[in-house]
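Structural features, examined
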Amino acid sequence: MRPLRSHGLAIVVACVGVGCDTPSTNVVIDNRYPPSPTNSHVIYRAFWQAVSFDAPIAPGSTSDPQATPPASANTAYVLVAPGLEPSGTSTPTSFIVLQSRDGFWVSLDHTLEIAVDDTTFAGDCATGSFLSQAQADFITQRVFAQDFTGLSYDAATCTTSERT
């Protein structure tokens, strides 16, 4: 055991001596929906693994990088607010709830880019992609519960309504 410990110490000392960089592992959300004056898909919120994105991301834009630990494949969730003005202060009145088709992973000292569009995410009824009601309920009642206070979401029609 002693030789391994001394080799490990030598590596640490060598890194300090030559200025090794501290690993930086990040994740970004890339809104790959095209800008459209009639049906703009603004990403209102996104969540992956343990990272929350709370600033609107306009179509064709990328979020700021968020620090994350390295992770194996995890599902990503997105709330799209159609027609929302990304730089405005208004609260959306309707959402499209999306779930990644596959999990995303990132290794140490890399940046994961989660591309959001209809090829990588399911749930946009307008394109014929649907979530089950159970999937939508999990997303609206667990992942983005705060945004759905007093609201309900119908996965078959992708509509948001006031809870009665």
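**Quick notes on the overall build of the protein**
Looking only at helices and strands, one finds two helices and twelve strands in the protein. Starting at the N terminus and walking to the C terminus, you meet the elements of the protein as α-β-β-β-β-β-β-β-β-β-β-α-β-β. Counting only residues that meet the buried cut, the protein has 38% of its 164 residues in that class. Of the contacts formed within the protein by residues at least 6 apart in sequence, a portion of 63% connects residues at least 24 apart. Summed over its atoms, the accessible surface of the protein is roughly 9500 Å², and 55% of this surface lies on carbon and sulfur atoms.

**Quick notes on the sheet that holds strand β4 (residues 66-67)**
The three strands lie next to each other as β4-β1-β9, forming an open sheet whose pairing is mixed. Looking at the sheet topology across the chains shown, the edges are occupied by β4 and β9 (111-116). Taken together, the six bridges between strand β1 (residues 26-31) and β9 define a ladder with parallel strand orientation. Along β9, the bridge assignment pairs Val28 with Glu113.

Rules used in this analysis
- Residues numbered from 1 in each chain as written.
- Predicted model: local features only at pLDDT ≥ 70, side-chain atom pairs only at ≥ 80, totals over all residues.
- Heavy atoms only, no water.
- Helix = DSSP H or I, 4+ residues; strand = E, 2+ residues; numbered from the N terminus.
- Buried < 20%, exposed > 50% of the residue type's maximum accessible area, 1.4 Å probe, protein only.
- Contact = heavy atoms within 4.5 Å.
- Areas by Shrake-Rupley, 256 points an atom, 1.4 Å probe, with all protein chains shown as cover.
- Pairing = 2+ DSSP bridges.

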